[in-house]
Amino acid sequence: MKAKRHYIWTNIKLVGTIVPIVLIMIIIYFMLVRQEILTLSREKLALESQSYTEKISAWADSVLNEVTIYKDMIERLGLENEAVHELMYTSVDTHEAYPFGLYMGDDLGNYFDASGWVPEDDFVVTQRDWYQEGLKHSLPAFGEPYVDAMTGGTCVSVTSLLNTSPGITVLSTDVYLDYASRLADEITYDKIEHAFFVTKDSRLIVADSDAALTGTILSAGNESLLYQNVSRLLDAGQIGQTDILGDESVYFVNINTIPKTDWYFVTCMNRNEVLKDLWRLEFPMLIIAIIASVLLFYLTSHFSREMSSIRTKARMDPLTKLFNREGFEELVRLSLADRPRQGIFMILDMDNFKLVNDQLGHPVGDQVLREFASILENYFNRNKDITGRLGGDEFAVFVGRDIAIKETEGMLKKFISIVHQNFDGKYPDQKLSVSIGVSPAADSDTYELLYQNADKALYEAKGKGKDRFQIR
């Protein structure tokens, strides 16, 4: 009875020790996991924001480059040339961003619009915003975006001063920002809740994942606390990634500048949404951890046996039952540590094996690999021999004992002969053979050097016509 009570008491103490340790480990684990999830989410936000910034930047470049081409051609032709109007007609529907094409006007009152639009009599070219903006640019540049009264969407004029005479002429086009709206909508998935493009000076939101906010002004007076705090960040000139308070929780906010424009690209990720799935797991996991801790003592031996079995399987190639690359490397390293500079390292590659797969099918190819593995294992079967499959039709052998070069050559000649005996009759059309690269351990004391030298030797053997070995 005393022995039984002692046994019970011992187990209670053991469980009482294990449970707090496991609970502390679980808490630490969740803290680390939480931190890692937050870090990865911030990195994801930064990468996604940069990717979409590059997309809108490439779009802006394409618009500016096309308008620049038209500008150069108009300047070469000269405004007196009737071909200029024909050229400008081709700008209509050329680019989805400016479907109505180009237009131009000068200080003499002349105006031409490729879309066919004719202004009213009181239309004064030099009073138009696009004309005033164009006077500032010798090359096409984006102006200040505005809300189009006809469509309700946002657009921006791309303008440039033309180097022509007799008047001072400005070339312009109205660029619609539908592409920016699509990007803002597209990026808002998988935890990224808000995305918008906003101008630096006027703070006009030119595109927003929430279409209702497109065309509004970003300011500290916005109804949304998130947008208020973003406005404050921009006021402070803070670019990059920052944590700010939003309407529901803390948000990760990323602000990028867009080259060749006066716009910012702002993306916002809700911290609570990032951690929501983790919170759902934490409480059940703690309960499970307590139950698991109580059972831990009784299951230790069973799990130990299972882990040993799993580890063994993890080191084996399932097709050939030889060691896989990782298992082979592990054993060779151990052998080199026990017996430095003893043995030879070989990489073997089956010649013409691809023909088996191509002509006879992959099931036959698998059978050939199993047969070759069996030959390899039966031939190199001494206590210190290690055989493995590196992948595909490439195998490796390490003979972990002292062996002379002459003995090695004889051993490999015989092995090549055995390969022919086994395969020539079964697969005559495929002409299967083996090429072998050999690296003596006496010349290389690390696995990496042995592998490198054997691989180079194999390459040399292949280059000399296959069906042979090469010692390096």
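Further up the page is the structure itself.
Each value, and the rule that gives it
- Residues numbered from 1 in each chain as written.
- Predicted model: local features only at pLDDT ≥ 70, side-chain atom pairs only at ≥ 80, totals over all residues.
- Heavy atoms only, no water.
- Pairing = 2+ DSSP bridges.
- Helix = DSSP H or I, 4+ residues; strand = E, 2+ residues; numbered from the N terminus.
- Axes fitted to C-alpha atoms, helices over the stretch in contact; angles between N-to-C directions.
- Contact = heavy atoms within 4.5 Å.
- Buried < 20%, exposed > 50% of the residue type's maximum accessible area, 1.4 Å probe, protein only.
- Salt bridge = Lys/Arg side-chain N within 4 Å of Asp/Glu carboxyl O.

### A word on the sheet that holds strand S10 (residues 250-257)
Right, so step 1: Strand order in the open sheet formed by five strands is S8-S7-S11-S10-S9, and the pairing between neighbours is antiparallel. If you trace the sheet from one side to the other, it starts and ends with strand S8 (205-208) and strand S9 (240-245), each paired once. When the angles between neighbouring strand axes are averaged without regard to direction, this sheet yields 25 degrees.
Right, so step 2: Against the sheet, helix H4 (residues 178-187) contacts strand S7 (192-199), S8 and strand S11 (263-270), and its axis sits at roughly 155 degrees relative to S7.
Right, so step 3: Packed on one face of the sheet, helix H5 (residues 225-235) meets S7, S8, S9, S10 and S11 and runs near 135 degrees to S9.

### Details of the pairing of strand S6 (residues 169-176)
Right, so step 1: Among the eight residues of S6, seven are classified as buried, and the element is accordingly described as predominantly covered.
Right, so step 2: As defined by bridge partners, strand S1 (residues 102-106) adjoins S6 across five bridges and the pair is classed as antiparallel. Opposite Gly105, over in S6, you have Val170 as the bridge partner.
Right, so step 3: Note that strand S5 (residues 154-161) and S6 share seven bridges and pair antiparallel. Pairing of Ser160 across the sheet is with Leu171, part of S6.

### As for the pattern of salt bridges
Note that side chains of opposite charge can pair when their charged atoms are close.
Right, so step 1: According to the stated counting rule, one finds 18 salt bridges in the structure shown.
Right, so step 2: A salt bridge links Arg315 to Glu330, with the shortest nitrogen-to-oxygen separation between them at 3.7 Å. Taken together, the residues span a long stretch of sequence, with Arg315 in the loop between helix H6 (271-314) and helix H7 (325-338) and Glu330 in helix H7 at a distance of 15 residues.
Right, so step 3: Overall, Arg315 belongs to the buried group, its relative accessible area being 18%.
Right, so step 4: With a relative accessible area of 28%, Glu330 lands in the partly exposed category.

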